[in-house]
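Here is how the chains run, residue by residue.
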Amino acid sequence: MASVEFRNVVKRYSDHTVISKLNLFIPDGKFVVLVGPSGCGKSTTLRMIAGLEDITEGDLFIGERRVNDVLPRDRDIAMVFQNYALYPHMTVRDNLSFGLRLRRIPPSEIEKRVADAAEMLGLQEYLDRRPSQLSGGQRQRVAMGRALVRRPQVFLFDEPLSNLDAKLRGEMRREIARLHHRLQTTMVYVTHDQVEAMTLADIMVVMEKGRIRQVGNPMDVYSQPADAFTAAFIGSPTINLLPVEVRTGEVERITTIEGQGFSLQVTARFMHYQGDGLMGIRPGDVRLSSDTGNLQGRIDVMEPLGHRVLYTVDTPAGSVLCELDASEARWKPGDAVHVVFPMELVHLFEADGDQKSLLLEGGTI
Amino acid sequence: MSRWKTILIHGFLIFFTAMTLYPVLLVVRKSVTPGDNFERSLSPIPSRVTLDHYSEVIGSRDFNGRPLFWRIVLNSVVLSLATTLVGMFLASTSAYAFSRLRFPGRRMGLMMFLVVQMFPATLIMIPLYVILDKLGLLDSLVGLVLVYSTTAIPFCVWTLKGYFDTIPREIEEAAWIDGATRFQMFWRIVIPLSRPALAVTALFSFMTAWNEYILAETFLSRETSYTLPVMLQHYVGTHSTQWGKFAAGAVLVSIPVMALFYILQKHLVSGLTAGGVKG
């Protein structure tokens with residue numbers, strides 16, 4: 001088991017910078033999820049830990065050891081690939097034991113480790129099959145087993161579930177969570193799926209365009225996003241972001257939020273700021289009312305999701321998503337409604353630059 | 001598909017199969033027909049049958065009275081196998097480098113391989129003769145092995161590189177992380193996965209050496225170091241041609257190649273990488 005640390009790590013391909021000044025500490029034994037849209041550099045970051053990509057500048061440590069110039073095979077890590085990357089010409093047993101045989105582990109020990117991994121992943125009946133004779137889920141288990149038998153210091157997962165269907169993905173996700181709980185080994189997991197990120201992570205790292213946007217406990221990231229990007233990326237359905245004008249007094253700490261067709265006043269939660277901003281509110285936090293509210297609108301689309309109903313409401317401020325309990329959903333498309341923004345649940349971001357959150361240090365939502 | 005379409009397609013296929021097989025059948029007819037004239041008749045069925053030509057070819061002897069035919073067969077087999085081994089070793093290792101590594105001169109090297117292919121073999125005959133002469137390798141199989149394996153390399157490298165490119169990198173990366181060295185990645189992962197391409201290139205190398213005539217005729221002068229194509233050609237004289245022996249020899253020469261095709265055909269089926277990565 002070991003920690004992983006990036007110190008001012010930069011990754012450039014000729015003149016194209018993929019990762020700029022990455023600083024990140026992954027504590028020993030934690031499950032860390034790197035999440036972000038495609039092209040944000042999360043896979044590159046993972047591949048740098050694996051040693052499959054060179055580091056242009058900066059230092060990478062696994063445990064106490066600086067590993068910039070250490071070959072992948074000497075880093076004591078194991079990786080599960082998105083496309084499984086099994087050895088097609090070998091049986092499952094040989095796939096699992098390949099790394100151990102290369103490392104000249106005694107045969108009796110190999111047999112034991114393979115048997116343990118096969119049992120843990122339910123692969124006993126498939127040990128003599130080739131990968132081509134397995135289903136997608138079984139192949140992914142073999143790929144995980146191949147990592148498992150190595151007993152590495154760090155496990156790396158590169159979007160391991162993205163090739164599976166939705167049902168299997170849920171099952172495997174829980175299996176990975178169970179595995180981490182059992183092994184307590186450092187795991188670094190890359191995904192673009194925010195559900196995987198939210199459910200698996202001890203620490204979530206949100207990335208965009210080669211930079212870290214926010215690091216933190218998933219629930220904290222969800223409830224206190226550091227910027228508008230993170231707010232929009234984490235959470236489903238996507239947070240409503242409405243352009244507003246913000247005025248926060250320096251003394252009395254009252255924030256006035258002026259949007260198209262609505263106005264809100266919030267006390268003592270946001271830092272001093274005057275100018276354009278973005279107001280964020282999660283669809284699940286928006287309420288609807290027939291007679292009174294902050295903003296008038298008309299139901300555009302109604303999407304029943306079972307126990308929840310998702311409304312798209314046309315308002316002067318733009319489209320507003322609102323997710324209600326099915327029991328509260330008494331409006332039909334075309335109905336006039338009032339949209340209610342509970343002021344204690346409102347997020348506020350700068351309109352320019354990195355669109356940073358205006359939430360005061362220690363302020364809560 | 002309509003019945004007429006089926007008939008049309010099959011008629012077409014049968015016609016071209018016949019076109020391909022007919023000359024071969026005429027050679028087979030000649031090889032079992034007595035006499036040395038090549039009859040003008042187009043019937044592939046011989047009027048009289050004899051195996052005399054075959055026994056004459058197989059029973060031929062050199063000046064010292066030793067069996068010549070088997071000596072020449074041995075020459076050809078050794079030459080072809082050695083060419084295949086040397087050629088495959090050089091081609092697979094360089095194709096791997098061209099496929100996986102990025103180094104100065106990589107593009108240039110690949111282009112040069114193509115350019116070299118565009119010159120006819122006869123063009124390099126004289127320089128090769130001079131080189132082999134200086135090395136003292138004229139009239140020796142070693143010299144021919146070197147010449148054949150190097151001339152087959154461009155084709156083999158391109159074929160193998162193309163195939164290596166289709167093997168997902170992640171499989172090798174997984175092996176690398178698992179603890180493999182570069183050579184182990186090549187030998188234990190890439191080579192076993194490339195059986196179809198290796199079979200094709202091995203067959204190509206083998207046939208290059210087995211069938212080649214011009215260079216062999218130029219570089220070999222002693223009867224005992226002849227290869228089969230050279231032997232065949234010597235049945236065709238300036239004034240008279242022993243067509244019977246020529247045809248019998250030709251049939252005998254093609255048997256090993258046919259056998260090789262038959263053995264290798266199951267490896268020629270691609271799709272060995274199926275199942276390793278998400279398809």
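Our structure is the block above this text.
Below or above, wherever it landed, is the structure these notes cover. Per-chain numbering applies: the sequence of each chain, read as written, is numbered from 1 onward. Each chain gets a letter, beginning with A, and each ligand a number, beginning with 1, in the order they are written. Only residues with pLDDT of 70 or above have their local features reported here, since the model is predicted, and side-chain atom pairs are shown and tallied only from 80 upward, although totals for entire chains, interfaces and linings are computed over all residues. Water and hydrogen atoms play no part in the side-chain values, which are based on all heavy atoms of the structure.

Strand residues, when the strand is regular, have side chains that alternate between the two faces of the sheet. Residues and elements named next belong to chain A. Two strands pair when backbone bridges link them, and strand 16 (residues 295-304) and strand 19 (residues 336-340) are joined in this way by four bridges, in the antiparallel orientation. Of the residues in strand 19, the one forming a bridge with Arg-298 is Ala-336. What makes two strands pair is DSSP finding at least two bridges between them. Helix and strand assignments come from DSSP, with helices taken as H or I runs of at least 4 residues and strands as E runs of at least 2, each series counted from the N terminus. Across six bridges, strand 16 lies against strand 17 (residues 308-315) in antiparallel orientation. Its bridge partner lying in strand 17, Glu-303 is registered against Leu-310. Hairpin connection of strand 16 to strand 17: three residues between the antiparallel strands, including Gly-306 at a positive phi of 100°.

On the surface, a cluster of negative charge is made up of Glu245(A), Glu258(A), Asp276(A) and Asp352(A). By the secondary structure assignment, Glu258(A) is in strand 12 (residues 254-259). Patch criteria: residues need more than 30% relative accessible area and no salt bridge. Like-charged residues are merged within 9 Å; nonpolar side chains of Val, Leu, Ile, Met, Phe, Trp and Tyr are merged within 5 Å. Using a 1.4 Å probe, the Shrake-Rupley method yields the accessible areas, and only the shown protein chains count as cover for residues. Salt bridges are defined by distance alone: a side-chain nitrogen of Lys or Arg within 4 Å of a carboxyl oxygen of Asp or Glu. His is not counted, nor are the chain ends, whereas Lys and Arg count as positive and Asp and Glu as negative. Lys charges are placed at NZ, Arg charges at CZ, Asp charges at CG and Glu charges at CD.

A separate point is the sheet that holds strand 9 (residues 203-208) of chain A. All names here are of chain A. The strand order across the open sheet formed by six strands is 6-7-8-3-9-10, and the pairing between neighbours is mixed. If you trace the sheet from one side to the other, it starts and ends with strand 6 (77-80) and strand 10 (211-216), each paired once. Neighbouring strand axes in the sheet, compared pairwise and without regard to direction, differ in orientation by 15° on average. The sheet contact formed by strand 7 (residues 154-158) and strand 8 (residues 186-191) spans five bridges and is parallel. Bridge pairing links Asp-158 to Val-190 in strand 8. Lines fitted to the C-alpha atoms define the axes, with helices restricted to the stretch that makes contact. Angles between their N-to-C directions range from 0 to 180 degrees.

Attention now moves to the nonpolar core. We call a set of buried Ala, Val, Leu, Ile, Met, Phe, Trp, Tyr and Cys residues a nonpolar core when their side-chain atoms join them within 4.5 Å. Three exposure classes are used, based on accessible area relative to the maximum for each residue type with a 1.4 Å probe and protein chains only: buried under 20%, partly exposed in between, and exposed over 50%. Membership of the largest hydrophobic core comes to 66 residues, with the highest contact counts inside it found for Phe6(A), Met79(A), Tyr87(A), Leu156(A), Val188(A) and Ile189(B). Here this core gets seven residues from one element, more than from any other, and that element is helix 6 (residues 141-166) of chain B. It only takes one pair of heavy atoms within 4.5 Å for two residues to be counted as in contact. Ignoring sequence-local partners within four residues, the contact set of Leu156(A) consists of Leu46(A), Ile49(A), Ala50(A), Ile77(A), Ala78(A), Met79(A), Val80(A) and Val188(A). Judged by nonpolar contacts, the second largest core, of 43 residues, contains Val92(A), Val142(A), Ala201(A) and Val206(A).

Residues and elements named next belong to chain B. Counting through the fold element by element, Ala-248 comes out in helix 12 (residues 243-268). Considered as a pair, Ala-248 and Phe-103 are 145 residues apart in the sequence and their alpha carbons are 51 Å apart. Not counting residues within four places of it along the chain, the set of residues in contact with Ala-248 comprises Ser-31, His-53, Tyr-54 and Val-57.

We now examine unusual backbone geometry. All names here are of chain A. Between Ser-236 and Pro-237 the backbone carries a cis peptide bond, its omega angle lying at -5°. Structurally, the position occupied by Pro-237 is in the loop between helix 8 (228-233) and strand 11 (240-248). One non-glycine residue, Ser-14, lies in the positive phi region at around 40°. Relative to the helices and strands, Ser-14 resides in the loop between strand 1 (4-13) and strand 2 (16-26).

Attention now goes to the interface of chain A and chain B. Of the residues lining the interface, 30 residues belong to chain A; the matching set on chain B comes to 23 residues. In this description, buried area is defined as the sum, over both parts, of the accessible area (probe of 1.4 Å) that is lost when the two are combined. Summed over the three residues of chain A that lose the most area to chain B, namely Arg73(A), Pro88(A) and Leu102(A), the buried surface amounts to 25% of that side. Our count for the contact surface shared by chain A and chain B stands at two salt bridges. The residue Asp178(B) makes a salt bridge to Arg150(A) at a minimum N-O spacing of 3.4 Å. In protein, a polar contact requires one atom able to donate a hydrogen and another able to accept it; more generally it is a pair of N or O atoms within 3.5 Å, and residues adjacent in sequence count only if both atoms are side-chain atoms. Our count for the chain A to chain B interface comes out at 11 residue pairs in polar contact (both at pLDDT 80 or more). Mapped by element, the contributors of at least two residues to the side of chain A that touches chain B are helix 1 (42-50), strand 6, helix 2 (92-102) and helix 4 (136-149) of chain A. Residues are grouped as follows: Ala, Val, Leu, Ile, Met, Phe, Trp, Tyr, Cys and Pro are nonpolar; Asp, Glu, Lys and Arg are charged; every other residue, Gly included, is polar. Of the residues belonging to the side of chain A that touches chain B, the class tally is 17 nonpolar, six polar and seven charged.

So, on to the pattern of salt bridges. Residue and element names in this part refer to chain A. Enumeration over the complete set of coordinates arrives at 27 salt bridges over all chains. In this structure, Asp-59 engages Arg-66 in a salt bridge whose closest nitrogen and oxygen atoms are separated by 2.7 Å. The exposure class assigned to Asp-59 is partly exposed, which follows from its relative accessible area of 25%. Each member of the salt-bridge network shares a partner with another, and the members are Glu-109, Lys-112, Arg-113, Asp-116 and Arg-151.

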